[in-house]
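One letter stands for each residue in the lines below.
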Amino acid sequence: MAVRGRRDRSEALPLLAAALRSLGVLRESPVAMAGAAILLFWLAMAVLAPLLPLADPNLPLEPLRPPLSVSADGTATFWLGTDIKGRDVLSRLIWGARRVLVWAGLATLAAYLVGIAMGLVAGYRGGWWDEILSFVANLLLSFPVMVLYIVVITRIGASPLNIVLAVTFASAPAIMRIVRGLVLDLRTRDYVLAARARGEGALWIMLVELLPNARGPLLVDACLRMGYTTIALATLGFLGLGLPPPDPDWGAMIAETQPMGAFAGHAMVFPALAVSSLVLGFNLLADGLREISLRD
Amino acid sequence: MLKLALRRFGAMVLIMAVVSFLLFLIFESDKLAVAGKVLGPYSSIEQRELWLEKEGYNRPFLVRYGEWVADALRGDFGQSIRFKAPVSDLLWPRLANTAILAGLVFALMIPLSLTLGVLAGMREGSLLDRLLSFLSIGTTSIPEFASAAFLVALFVFELRWLPGTSSMTGGFDWRQLVLPVAVLVLYDFGYVARMTRASMAEVMTSPYIRTAVLKGLPRHRVILGHALRNALIAPFTVIVLQLNWLLSGVIVVEVFFAYKGFGALLYEAAMFGDIYLIEACTMVAVFVAVFSQFLSDVGYTLLNPRIRFAREGG
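The written sequence of each chain sets the order in which its residues are numbered from 1. For this description, chains carry letters from A and ligands carry numbers from 1, given in the order in which they are written. For a predicted model such as this one, the threshold for reporting local features is a pLDDT of at least 70, and the threshold for listing and counting side-chain atom pairs is 80 or more; totals across whole chains, interfaces and linings nevertheless cover every residue. For the side-chain quantities, the full set of heavy atoms in the structure was used; hydrogens and water were omitted.

1. With respect to the overall build of chain B
(1) Moving on: Looking only at helices and strands, one finds 14 helices and zero strands in chain B.
(2) Moving on: By the criteria applied, helices consist of DSSP H or I runs no shorter than four residues and strands consist of E runs no shorter than two, each listed in order from the N terminus. Starting at the N terminus and walking to the C terminus, you meet the elements of chain B as α-α-α-α-α-α-α-α-α-α-α-α-α-α.
(3) Moving on: Based on the C-alpha atoms only, the size of chain B along its principal axes is roughly 85 × 60 × 30 Å.
(4) Moving on: Exposure categories follow from relative accessible area, calculated using a 1.4 Å probe and restricted to protein chains: below 20% of the type maximum is buried, above 50% is exposed, and the middle band is partly exposed. When the 314 residues of chain B are sorted by exposure, 47% land in the buried category.
(5) Moving on: Contacts between residues were defined by any pair of non-hydrogen atoms, one from each residue, lying within 4.5 Å. Considering only residue pairs separated by 6 or more positions, chain B has 72% of its internal contacts joining residues 24 or more positions apart.
(6) Moving on: Computed with the Shrake-Rupley method and a 1.4 Å probe, the accessible areas treat only the protein chains shown as cover for residues. Put simply, chain B shows about 15,700 Å² of open surface, and 67% of that area lies on carbon and sulfur atoms.

Printed below as a string of structure tokens:
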């Protein structure tokens, strides 16, 4: 036990240093830098939303004003116009960023916790554990993603928690497959044999020996998956199955505007731009990270 | 080979069986809720009890499940609550409409993505190669409903070239198909093109291509006669598996453009809580997904001589 305690303390600081170094690594790839810049922009918007001089995102002002128009009393400018209910589109975009980032982050995190646990056990234990977990994963992956989302959410209702649950159902099996594949390769390494010879338990080996060494590919996948989850949340919002109104949701903003036709084109195009740019940020970062990891 | 196909087929049947059981469990284990859905919210408990007794719902769960499966295999999925018509009468025309949409998408996407992928993979790092990876990251980042919004804003609101809905109420009109097909092709082609490019690039660095080049074969014969055959194996599986992705995109596109297809039917059924229709649509969707998986597995083995002979030898 004493040996374990010492290891933990000595590893805490280098871990932090490694995290900072890995940010510096981004400089090697312009693609990753571009992705990180887009993500930083949206992250800053999401964090600063309460501090920015924005109208209340749910407050009806003047309906269907075009972009760059000035309010009737001349005190406010609608930089991106207003939607059919007269709410400020810019404000709804920025508050929408906050919402999608929080829930996409939580949902991806939940999917990762479940997927990693399943993958570690299936890969390291093997045998019946692997058979059963792999079958469950295949079962869930046999649903087209959107069908799974629609069936689960119409059945259990569209609350934020249920959406996290649905994303976990849909994403955890794919994460499990990746982790399982990595573990099958890593478990034959000498350091795993050494840990087993030291008499470490299975849980220790999975969490301390295997998981940290699988982090590279998982990091790339996590970026991609944040993009998928963003798409999923916004698509559910568009289908009326997303996070509940009236708080802004990029997908729902498009669905509300679409029947209005040409008068409301701006209230449809800006949310579409927002969601596409955010997903682009995740995809560029993932692509850049993959490129960097292949170079080493 | 036959053994592998049979094993895959067995796995497919098993998955379908478990999915159908789970669906039945989720939607029909609560009998009173089913009766409430069918008879409407204002039906009394007595009416519901009577209906359940008449329809045989008071028999054991497993007996009901067995009967449901037997009926479904004969093509009888029960009566739709919302449309007041047999589910099978609704399902087939909608599936045909979606098949038209999907067929057009594949007819455009496959030649486009294979050509671009092969050209880019032939010369890794060339201008075309970098352009393609740029383009495909871009298009795969735009969700279907967002690209639909862009295209509608441009071609419907600004230019007024195309209609913004595709409900086909006035008979078949090809102009109504342009935007839905474009949205789906845009979202899907990038991934297939990237896979083709990766496969082609890998083949181009293999020793047998170097041999062909060094023995003095003209470049087009190296590419057409030697490289393509092997480079197209991986994209084949990707394209077949794309069917699964397409089905998700089809739901969004059909809802956006009010196209009367299978995806919109599934969506309406789920939103309305039309139990028998949801069950039927979900089973069809899962069947398409699992069957395409089966086709891609077996097709890959058939196409790839390395796997084919290794299995026959062993």
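2. Let's talk about the overall build of chain A
(1) Moving on: For chain A, the helix and strand inventory stands at eleven helices and two strands.
(2) Moving on: Counting from the amino terminus, chain A carries its helices and strands in the arrangement α-α-β-β-α-α-α-α-α-α-α-α-α.
(3) Moving on: Along the three orthogonal principal directions, the C-alpha set of chain A runs to about 75 × 45 × 35 Å.
(4) Moving on: Taking all 296 residues of chain A together, the buried fraction comes to 48%.
(5) Moving on: A separation of at least 24 residues holds for 72% of the contacts in chain A among residues at least 6 apart in sequence.

3. Overview of the packing of aromatic side chains
All names here are of chain B.
(1) Moving on: Paired rings are identified among Phe, Tyr and Trp, the last through its six-membered ring, by centres lying within 6.5 Å, and are further divided according to the angle between planes into stacked (under 30 degrees), edge-to-face (over 60) and tilted (the rest). Considering all chains together, one arrives at 17 aromatic pairs over all chains under this definition.
(2) Moving on: Judged by centre distance (5.4 Å) and plane angle (50°), the ring pair of Phe-24 and Phe-61 falls under tilted. Residue Phe-24 is found in helix α1 (residues 2-28), and its partner Phe-61 is found in helix α4 (residues 61-73); the two are separated by 37 residues along the sequence.
(3) Moving on: The class of Phe-24 is buried, set by a relative accessible area of 1%.

4. Here's the deal with a nonpolar patch on the surface
(1) Moving on: Only residues whose relative accessible area exceeds 30% and that form no salt bridge are eligible for patches; like-charged ones are grouped when within 9 Å, while nonpolar side chains (Val, Leu, Ile, Met, Phe, Trp, Tyr) are grouped when within 5 Å. The rule for a salt bridge is simple: a side-chain nitrogen of Lys or Arg has to be within 4 Å of a carboxyl oxygen of Asp or Glu. On the surface, Leu40(A), Leu43(A), Val47(A), Leu48(A) and Leu51(A) cluster together to form a nonpolar patch covering roughly 520 Å² of accessible area.
(2) Moving on: By secondary structure assignment, the location of Val47(A) is in helix α2 (residues 30-48).

5. Considering helix α5 (residues 145-156) of chain A
(1) Moving on: Every helix has an expected span of 1.5 Å times one less than the residues it contains. Along its twelve residues, α5(A) runs 17 Å from first to last C-alpha, staying within 8% of the 16 Å computed at 1.5 Å per residue.
(2) Moving on: Looking at the residues trailing α5(A), positive phi occurs at Gly157(A), about 95°.

6. Focus: the interface of chain B and chain A
(1) Moving on: In this complex, chain B contributes 40 residues to the contact, which on the side of chain A involves 39 residues.
(2) Moving on: As used here, buried area is the combined drop in accessible area, with a 1.4 Å probe, of two parts when they are placed together. Between chain B and chain A, a total of about 3,400 Å² is buried, with carbon and sulfur atoms accounting for 79% of that surface.
(3) Moving on: Note that Asp287(A) and Arg194(B) form a salt bridge whose closest N and O atoms lie 2.8 Å from each other.
(4) Moving on: Counting only elements with at least two residues in the side of chain B that touches chain A, the list comes to α1, α6 (127-141), α7 (144-158), α8 (175-204), α11 (233-257), α12 (262-272) and α13 (275-303) of chain B.
(5) Moving on: It is α11(B) that provides the largest number of residues to the side of chain B that touches chain A, a total of eight residues.
(6) Moving on: When residues are grouped by polarity, Ala, Val, Leu, Ile, Met, Phe, Trp, Tyr, Cys and Pro land in nonpolar, Asp, Glu, Lys and Arg in charged, and all others, Gly among them, in polar. In terms of residue class, the side of chain B that touches chain A is built from 33 nonpolar, six polar and one charged.

7. Quick look at the domain arrangement of chain B
(1) Moving on: Domain start and stop points were drawn from an automatic or database domain assignment. Under the domain assignment, chain B is made up of domain 1 (2-73) and domain 2 (98-272).
(2) Moving on: In this structure, domain 1 of chain B and domain 2 of chain B have C-alpha centres spaced 38 Å apart.

8. Observations regarding the nonpolar core
(1) Moving on: Residues Ile150(A), Trp250(A) and Phe145(B) are the most contacted members of the largest nonpolar core, which totals 138 residues.
(2) Moving on: Per-element accounting of this core gives the leading share, 13 residues, to α13(B).
(3) Moving on: Built from parts of two domains, this core gets at least three residues from each of domain 1 (2-73) and domain 2 (98-272) of chain B.
(4) Moving on: Among residues more than four places away in sequence, those in contact with Ile150(A) are Leu239(A), Leu241(A), Ile251(B), Leu266(B), Tyr267(B) and Ala270(B).
(5) Moving on: In this structure, Ile175(A), Ile205(A), Leu210(A) and Leu218(A) belong to the second largest nonpolar core, which totals 17 residues. Only buried Ala, Val, Leu, Ile, Met, Phe, Trp, Tyr and Cys residues count toward a nonpolar core, and they belong to the same one when joined by side-chain atoms within 4.5 Å.

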